[in-house]
Structure formats: structure tokens, C-alpha cells
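# Understanding the architecture of this molecule
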Amino acid sequence: MTDTAAVAKIVNSFGKALIDVCKSMGIEVSLDKSNISSDSRFPNNRAAALIGFVTPTIKGTIGLLVEEPSFNEIVTVMSGGSIVPSLSDSLALSVIGELANMTSGQAFIKYNTNEISITPPQLLTGELIMAVPSAEDAVRSFTLPFTMRSGNKIYLVLTINA
């Protein structure tokens, strides 16, 4: 049975966490609330970082999916310009993993639980990266689209089994 309040709290915690972490790194993002959906098929994603998590009552994954211009901007800003953005460079890709890791840590501080386990980020790159929602009734998927000040997009995809 889905604990709707806990699911909403996790979704809100991750949304606020991404905004706060990006702001602390010098990247201004805003949540496009009118386009929050369960659909995660955005055709221009080129890189993703996936993190699994388990709490006493909820388990799931978060995916941070970015288009190439977003990837380039994030890598440049977070590295202070010292890393050249390249989808084929593992160091540049690790920046997206670090953003997902920092967002997860901040989200669970906001969620206010000490009983949490998270996995290290799994990094993916390629064309047409998308999350495919589960058909299982107990699994809920949410895509939170964020717009950077530059107009570039970041998609935070949460898949939760509560």
C-alpha cells in the first residue's frame, strides 16, 4: 500500500534539494511545476546519474537526466572551468554523478531520516536516454523538470516503491 504522505515528502525533499545544491554551486534552477508528470521520455537527454535508496518504508531510485547543453553548463560551473565538458570523459561525467550524490544527501537531510542507505551513482551517457516507468501498481514515477537560468533543462526522475 502506498504511503502517499511519505511519497510526497520524498518528492518534495528531492525537488528542494536539487534547487538548493545547484544554488550552492552557482547554478540557478527553477522547478517547472506545470510540467511535473509521470512521463520520463524527453528525447534530448545525453547523460544520466542514477542512485538507489532504501528507507525503512520506501525504496526507489532517482535519476538526474540532462541534455548536452545542460551537461556542458553544469560541468563548467561546478568545476570552475577546470574540466572541459565532454560526454566521453569520465571525469566530466563524474560531475553529474556528484550533483546527484549531493542532491540525494541533501534530500534525505530534508526528509529527516537517519535510516537511509544510498548507492553510489551509476553514470550513463548516450542518445535518447529515458527512464521507463514500471507497470507495477505499487511503483510511482515522477519527473520533475527544472529550467536553468540559461534555459537549459535538468530532469529529476524519481521512481518510488512505498
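Refer to the structure presented above.
Rules of the game
Residues numbered from 1 in each chain as written. Predicted model: local features only at pLDDT ≥ 70, side-chain atom pairs only at ≥ 80, totals over all residues. Heavy atoms only, no water. Buried < 20%, exposed > 50% of the residue type's maximum accessible area, 1.4 Å probe, protein only. Helix = DSSP H or I, 4+ residues; strand = E, 2+ residues; numbered from the N terminus. Arc of directions from axis to C-beta. Contact = heavy atoms within 4.5 Å. Core = buried A, V, L, I, M, F, W, Y, C linked by side-chain atoms within 4.5 Å. Phe/Tyr/Trp six-rings, centres within 6.5 Å; stacked < 30°, edge-to-face > 60°. Salt bridge = Lys/Arg side-chain N within 4 Å of Asp/Glu carboxyl O.

## Looking at helix H2 (residues 68-78)
Of the residues making up H2, those classed as buried are Ser70, Phe71, Ile74 and Val75. Summarising the axial view, the buried residues of H2 lie within an arc of 125 degrees, below the 170-degree limit, and thus occupy one face. Tucked inside the fold, the buried residues of H2 contact strand E2 (45-54), strand E3 (59-67), helix H3 (90-111), strand E6 (139-148) and strand E7 (153-161). One or two residues past the end of H2 sits Gly80, with phi positive at roughly 65 degrees.

## Section: the nonpolar core
Counting 42 residues, the largest nonpolar core has Ile10, Phe14, Phe71, Ile74, Ile154, Leu156 and Ile160 as the members making the most contacts within it. Elements that contribute at least two residues to this core include exactly helix H1 (4-24), E2, E3, H2, H3, E6 and E7. In this view, Leu156 contacts Phe14, Gly15, Leu18, Ile62, Gly63, Leu64, Phe142, Thr143, Leu144 and Phe146; residues no more than four positions away in its chain are not counted.

## A short note on the packing of aromatic side chains
Summed over the entire model, instances satisfying the criterion amount to four aromatic pairs. Seen in terms of ring centroids, Phe14 and Phe108 are 5.4 Å apart; in terms of plane orientation they differ by 90 degrees. Their pairing is edge-to-face. Here Phe108 lies in helix H3 and Phe14 lies in helix H1, a separation of 94 residues in the sequence. On the accessibility criterion, Phe14 (1% relative accessible area) is buried.

## What to know about the pattern of salt bridges
Overall, the coordinates contain two salt bridges when judged by the stated rule. The partner of Arg149 in a salt bridge is Glu28, and the shortest N-O contact between them spans 2.6 Å. Note that Arg149 is positioned in the loop between E6 and E7 and Glu28 in the loop between H1 and strand E1 (29-31), a separation of 121 residues in sequence. Given a relative accessible area of 67%, Arg149 falls into the exposed group. Overall, the relative accessible area of 48% leaves Glu28 in the partly exposed class. Close ionic contact of Arg46 with Glu68 constitutes a salt bridge, the shortest N to O distance being 3.0 Å.

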